[in-house]
Amino acid sequence: MARMKFICDAERCIECNGCVTACKNENEVPWGVNRRRVVTLNDGVPGEKSISVACMHCSDAPCMAVCPVNCFYRTEEGVVLHDKDVCIGCGYCSYACPFGAPQFPSKGTFGVRGKMDKCTFCAGGPEKNGSQAEFEKYGRNRLAEGKLPACAEMCSTKALLAGDGDMVADIFRTRVVARGKGAEVWGWGTAYGNSGTATPPAGGAGTSAPNAQPSGGKS
Amino acid sequence: MKARTLLCAAACAAVLALAGCGEKSQDLGTSAKLDAPPYDGTGVASFTAPGWKAGDANSWTQELRTRGQYGQNEYTRILNTTANK
């Protein structure tokens with residue numbers, strides 16, 4: 001079974017925010033909530049890079065570990081999802097997540113924090129696949145339609161790769177070999193564990209190009 | 001006879017007491033409702049990508065792999081074009 005993962009190629013990201021727009025549009029995400037956003041690294045410094053960040057669907061997800069009501073679950077494909085009917089909006093997951101993925105919409109007149117919302121890898125949630133209830137709570141279930149997440153499919157430079165970890169690692173490795181640089185994968189080691197042979201490059205905090213291990217280390 | 005009964009009662013009490021002290025499982029569970037796997041499809045043909053059969057996990061995996069390669073890996077197309085020249 002495939003293990004779904006994201007890779008953002010910092011050499012290719014042009015900060016167009018197409019992924020953010022695609023996600024907002026596809027899932028009809030409310031105002032104030034950004035499941036995905038583009039972050040600039042070393043802003044203003046020559047050689048600055050941009051990456052697209054959302055829930056990475058970690059192999060050993062810290063949000064799952066800290067949730068007091070156990071509303072999270074992991075699908076067979078390695079996608080970390082949660083049940084909004086169980087979530088109490090406490091925000092612990094927000095503190096635990098290294099990527100700042102959990103978002104909390106403001107509800108009501110006084111802006112009370114609502115139930116947590118995050119990237120679902122376009123896999124919906126624990127409602128009937130493709131149902132109206134699923135769409136309203138979690139957004140579109142593209143995986144059940146045989147499609148990949150909208151952010152990655154919409155990325156104009158194909159900087160954002162999504163799909164089976166084995167496949168996206170292969171695509172990224174081919175690029176690195178062809179261009180001879182840019183092997184750093186931001187967030188890969190944090191989300192999926194170091195794959196053993198990967199070592200951080202000198203002067204950078206990223207992780208080198210992942211090898212072809214589909215499970216990515218942990219779990 | 002009386003001693004035997006007392007012994008039996010004591011044994012039963014000990015078993016119950018020990019069972020009461022048993023540690024509960026601390027496995028990380030989930031309170032979430034069960035979710036249907038994505039390869040079951042949505043049942044809405046108009047939005048479903050062609051090329052795979054709902055309910056067949058292998059065809060779904062293959063479809064996503066093909067889609068991912070076609071949409072995200074331009075090197076396969078470049079290499080094919082170069083090879084054809």
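Keep in mind the model is a prediction, meaning the values are calculated, not measured.

Conventions we followed
- Residues numbered from 1 in each chain as written.
- Chains lettered and ligands numbered in written order.
- Predicted model: local features only at pLDDT ≥ 70, side-chain atom pairs only at ≥ 80, totals over all residues.
- Helix = DSSP H or I, 4+ residues; strand = E, 2+ residues; numbered from the N terminus.
- Buried ≥ 20, exposed ≤ 12 C-beta atoms within 10 Å, placed from the backbone.
- Contact = placed C-beta atoms within 7 Å.
- Pairing = 2+ DSSP bridges.
- Expected span 1.5 Å × (residues − 1).
- Core = buried A, V, L, I, M, F, W, Y, C linked by C-beta atoms within 7 Å.
- pLDDT = per-residue confidence, 0-100.
- Nonpolar A, V, L, I, M, F, W, Y, C, P; charged D, E, K, R; others polar.

Trainee: Explain the overall build of chain B here, please?
Mentor: On a plain count of helices and strands, chain B comes out with 3 helices and 0 strands. Shown N-terminal to C-terminal, the secondary structure of chain B runs as helices and strands in the order α-α-α.

Trainee: Help me out: how do you make sense of the overall build of chain A in this one?
Mentor: Of regular secondary structure, chain A possesses 7 helices and 8 strands. In chain A, which comprises 219 residues, the share counted as buried stands at 48%. Within chain A, contacts between residues separated by at least 24 positions form 55% of all contacts whose residues are at least 6 apart in sequence.

Trainee: Just checking my understanding: could you explain the pairing of strand β8 (residues 160–164) of chain A for this structure?
Mentor: Residue and element names in this part refer to chain A. The buried fraction of β8 amounts to 5 of the 5 residues, a majority that puts the element mostly inside the structure. With 5 bridges connecting them, strand β1 (residues 4–8) and β8 associate as antiparallel partners. Pairing of Cys 8 across the sheet is with Leu 160, part of β8.

Trainee: Help me understand helix α6 (residues 165–179) of chain A, please; the structure alone is not making it clear to me.
Mentor: Along an α-helix, a turn takes 3.6 residues, which lines up residues three or four apart on a common side. Across its 15 residues, α6 of chain A extends 21 Å between first and last C-alpha, which sits within 8% of the 21 Å expected from 1.5 Å per residue. Of all the residues in α6 of chain A, the buried ones are Gly 165, Met 167, Val 168, Ala 169, Ile 171, Phe 172 and Arg 175 of chain A. On its buried side, α6 of chain A packs onto β1 and β8 of chain A together with α2 (57–72) of chain B. Remark: Gly 180 of chain A follows α6 of chain A within two positions and exhibits a positive phi of approximately 75°.

Trainee: Would you take a moment to explain the nonpolar core for this structure?
Mentor: Considering soluble globular proteins, one finds that nonpolar side chains tend to be buried as a cluster. All names here are of chain A. Within the largest apolar cluster, 60 residues are counted, with the highest numbers of intra-cluster contacts made by Ile 7, Cys 8, Phe 72, Cys 151, Leu 160, Leu 161 and Val 168. With 5 residues, α6 is the largest single contributor of residues to this core. Apart from the residues within four sequence positions on either side, Cys 151 is in contact with Cys 19, Ala 22, Cys 23, Arg 36, Ser 52 and Leu 160.

Trainee: Just checking my understanding: could you explain the environment of Lys 118 of chain A for this structure?
Mentor: Note that Lys 118 of chain A resides in the loop between β7 (112–113) and α4 (132–138). What Lys 118 of chain A contacts, discounting residues up to four positions off in sequence, is Arg 35, Cys 55, Ala 101, Pro 102 and Gln 103 of chain A.

Trainee: Would you mind showing me how to read the confidence of the model for chain B here?
Mentor: Detailed reading of the predicted coordinates is not advisable wherever pLDDT falls low. Residue and element names in this part refer to chain B. Model confidence for chain B is summarised by a mean pLDDT of 84, while 85% of its residues fall at 70 or above. The least confident element of chain B, judged by mean pLDDT, is helix α3 (residues 74–84) at 73; the most confident is α2 at 94. The ipTM for the predicted assembly is 0.84, set against a pTM of 0.82.

Trainee: Can you help me understand the interface of chain A and chain B in this one?
Mentor: How big an interface is tends to be expressed through the accessible area that disappears when the partners come together. On the side of chain B, 33 residues touch chain A, which itself brings 38 residues to the contact. When contributions to the side of chain A that touches chain B are tallied by element, the ones reaching two or more residues are α2 (62–66), β4 (72–74), β5 (80–82), α5 (150–154), β8 and α6 of chain A. For the side of chain A that touches chain B, the element with the most residues is α6 of chain A, which contributes 4 residues. A breakdown of the residues in the side of chain A that touches chain B according to their chemical character gives 20 nonpolar, 10 polar and 8 charged.

Trainee: Hey, could you run me through unusual backbone geometry in this one?
Mentor: One can expect most non-glycine residues to show negative phi and most peptide bonds to be in trans. All names here are of chain A. In this structure, Asn 70 takes a positive phi of about 50° despite not being glycine. Look at Cys 122: it is not a glycine, yet its phi comes out positive at around 50°. Along the chain, the position of Cys 122 falls in the loop between β7 and α4. Take Cys 122: there are 29 C-beta atoms within 10 Å of it, and that puts it in the buried class.

Trainee: Looking at this structure, how should I read the confidence of the model for chain A?
Mentor: Residue and element names in this part refer to chain A. Counting all residues, the mean pLDDT for chain A is 88, and 89% of those residues have values of 70 or more. Low confidence marks residues 196–205, where pLDDT is under 50. Its contacts with residues over four positions away, or in another chain, come to 15 contacts. The low-confidence segment residues 212–219 (pLDDT under 50) makes 28 contacts with residues lying over four places distant or belonging to another chain.

Trainee: Just checking my understanding: could you explain helix α1 (residues 18–27) of chain A for this structure?
Mentor: Along α1 of chain A, the residues classified as buried are Cys 19, Ala 22, Cys 23, Lys 24 and Asn 27 of chain A. Taken from the residues just after α1 of chain A, Glu 28 of chain A is the one with a positive phi, measuring 45°.

Trainee: Any chance you could explain the environment of Glu 15 of chain A here in plain terms?
Mentor: Residues and elements named next belong to chain A. Here Glu 15 is to be found in the loop between β1 and α1. Its 14 C-beta neighbours within 10 Å are what place Glu 15 among the partly exposed residues. Glu 15 sits 24 residues away from Val 39 along the chain, and the two C-alpha atoms are 8.1 Å apart. Setting aside anything within four residues of it in sequence, one finds Glu 15 in contact with Val 38, Thr 40 and Ser 50.

Trainee: Is there a simple way to think about the environment of Ala 54 of chain B in this case?
Mentor: Residue and element names in this part refer to chain B. Looking at the element boundaries, Ala 54 is found in the loop between α1 (2–21) and α2. Taking the C-alpha atoms as reference, Ala 54 lies 56 Å from Ala 14; in sequence the two are 40 residues apart. If sequence neighbours within four positions are ignored, Ala 54 has contacts with Asp 40 and Gly 41.

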